[in-house]
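Each chain, written out:
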Amino acid sequence: MFTAEAAGLRWLKAAGGVAVVDVIEHSEHTIVLERLRTIPPTKHAAQAFGEALVMTHDGGADAFGCAPAGFSGQSFISDLKMSTEPMPRWGSFFAAQRILAYANPAQLGRDGMTVIEAVAARLDAGVFDDDASPARLHGDLWSGNVLFTENGVTLIDPSAHGGHRISDLAMLSLFGAPHLQVILEAYERSSAHLPANWRDLISLHQIYPLLIHAVLFGGHYPDSAVKLAKKYL
């Protein structure tokens, strides 16, 4: 897990966009990172973050689903194993490696699985694909991994892989973030790769983190994942 984290942090930093915490050293059993001092979030820092995130994403990836360049070990989301098989199309990747991979352990029930499988089939068929190239994703971009520091926003704890730009924006939107609309608007102004209907697709990309939370925590998350999925039948 720590080896995957270190590889992801270095890959994101190499894009030259959002600041990323420095890896001082790591091993199979530990990782040492630079100490960061957080400060209250500001709109100015949020706008700069949105703009810089475009550059991070545009750093690109070899394929949808691929691991950070030069890394071939096991990847993770939280402490769950995460597949990083390179695929040429986003919809097929997202269906197989991000939706169906976690649907069974999420204990959705028979009706819930039917809904998820139907959406996965539409994803695999390319219904939601566009022309955007694979982006260099943080992969776990909730607000707890977005630290406002004296040097602007700094990212920590990624689940880095090649994916769709909306996925990071969807994760950030799912659990909220300081000055979220400022971030999203700055990103939209700066990006040349968002589809015109990207805001309508946010919920589609949120199915994955909700399934992850369903596996880890249960509770209302299985029902929430299925409810979002029904919007895309």
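Conventions we followed
Residues numbered from 1 in each chain as written. Predicted model: local features only at pLDDT ≥ 70, side-chain atom pairs only at ≥ 80, totals over all residues. Heavy atoms only, no water. Pairing = 2+ DSSP bridges. Helix = DSSP H or I, 4+ residues; strand = E, 2+ residues; numbered from the N terminus. Contact = heavy atoms within 4.5 Å. Axes fitted to C-alpha atoms, helices over the stretch in contact; angles between N-to-C directions. Left-handed = near helix turned anticlockwise from the far one by under 90°. Nonpolar A, V, L, I, M, F, W, Y, C, P; charged D, E, K, R; others polar. Salt bridge = Lys/Arg side-chain N within 4 Å of Asp/Glu carboxyl O. Buried < 20%, exposed > 50% of the residue type's maximum accessible area, 1.4 Å probe, protein only. Phe/Tyr/Trp six-rings, centres within 6.5 Å; stacked < 30°, edge-to-face > 60°. Lys NZ or Arg CZ within 6 Å of the ring centre and 35° of its normal.

What exactly am I supposed to notice about the sheet that holds strand 1 (residues 19-20) here?
By definition, the strands of a sheet pair up through backbone hydrogen bonds, in either a parallel or an antiparallel sense. Taken together, three strands build an open sheet; the order of strands is 1-8-7 and the sheet is mixed. Looking at strand neighbours, the two that pair on one side only are strand 1 and strand 7 (146-149), the edges of this open sheet. Two elements, strand 7 and strand 8 (residues 152-155), share four bridges in a ladder whose sense is antiparallel. Note that in strand 8 the partner of Thr149 across the bridge is Gly152.

Whenever I open this one, the environment of Leu36 confuses me. Can you help?
Tracing the chain through its elements places Leu36 in the loop between strand 3 (31-33) and helix 2 (43-58). Sequence separation of Leu36 and Ala52 is 16 residues, and the distance between their C-alpha atoms is 19 Å. Setting aside its immediate chain neighbours within four residues, Leu36 contacts Val21, Leu147, Thr149, Thr154 and Ile156.

Hey, could you run me through the packing of helix 2 against helix 5 (residues 165-175) in this one?
Following both chains from N to C, one finds helix 2 and helix 5 inclined at 145°, their axes separated by 10 Å at the closest point. For the pair helix 2 and helix 5, the crossing hand works out as right-handed. On helix 5, the residues touching Phe49, Leu53, His57 and Asp58 of helix 2 are Arg165, Asp168, Leu169 and Leu172. Residue composition of the contact of helix 2 with helix 5, grouped by class: four nonpolar, one polar and three charged.

Whenever I open this one, the pattern of salt bridges confuses me. Can you help?
Pairing of side chains with opposite charge becomes possible as their charged atoms draw close. Inspection of every chain in the model, using the stated rule, returns five salt bridges. For Glu150, the salt bridge is made with Arg37, and the minimal N-O distance between the two is 2.6 Å. With Glu150 in the loop between strand 7 and strand 8 and Arg37 in the loop between strand 3 and helix 2, this residue pair connects regions lying 113 residues apart in the sequence. The exposure classification of Glu150 matches that of Arg37, with both residues exposed.

When you look at the packing of aromatic side chains in this model, what are you seeing that I'm missing?
To describe a pair of aromatic rings, one takes the distance between the centres and the angle between the planes. If you walk through the whole model with that rule in mind, you get six aromatic pairs. On the numbers, 6.5 Å between centres and 65° between planes, the contact of Phe93 with Phe94 is edge-to-face. When sorted by exposure, Phe93 lands in the same class as Phe94, which is buried. Judged by centre distance (6.0 Å) and plane angle (45°), the ring pair of Tyr102 and Tyr208 falls under tilted. Remark: Tyr208 occurs in helix 7 (residues 202-217) and Tyr102 occurs in helix 3 (residues 90-103); sequence separation between them is 106 residues. The pair formed by Tyr102 and Tyr208 is uniform in burial state, with each residue classed as buried. Within the aromatic cluster, the residues linked to one another by ring pairs are Trp90, Phe93, Phe94, Tyr102 and Tyr208. Note that Arg98 overlies the ring of Tyr208, its terminal NZ or CZ placed 5.6 Å from the centroid.

Looking at this structure, how should I read unusual backbone geometry?
Of all residues except glycine, most have a negative phi; of all peptide bonds, most are trans. A positive phi angle, close to 55°, is found at Ser78, a residue other than glycine. Note on placement: Ser78 falls in the loop between strand 4 (75-77) and strand 5 (80-82). Even without a glycine there, the phi angle at Gln107 is positive, about 55°. Inspection of the secondary structure assignment puts Gln107 in the loop between helix 3 and helix 4 (109-124).

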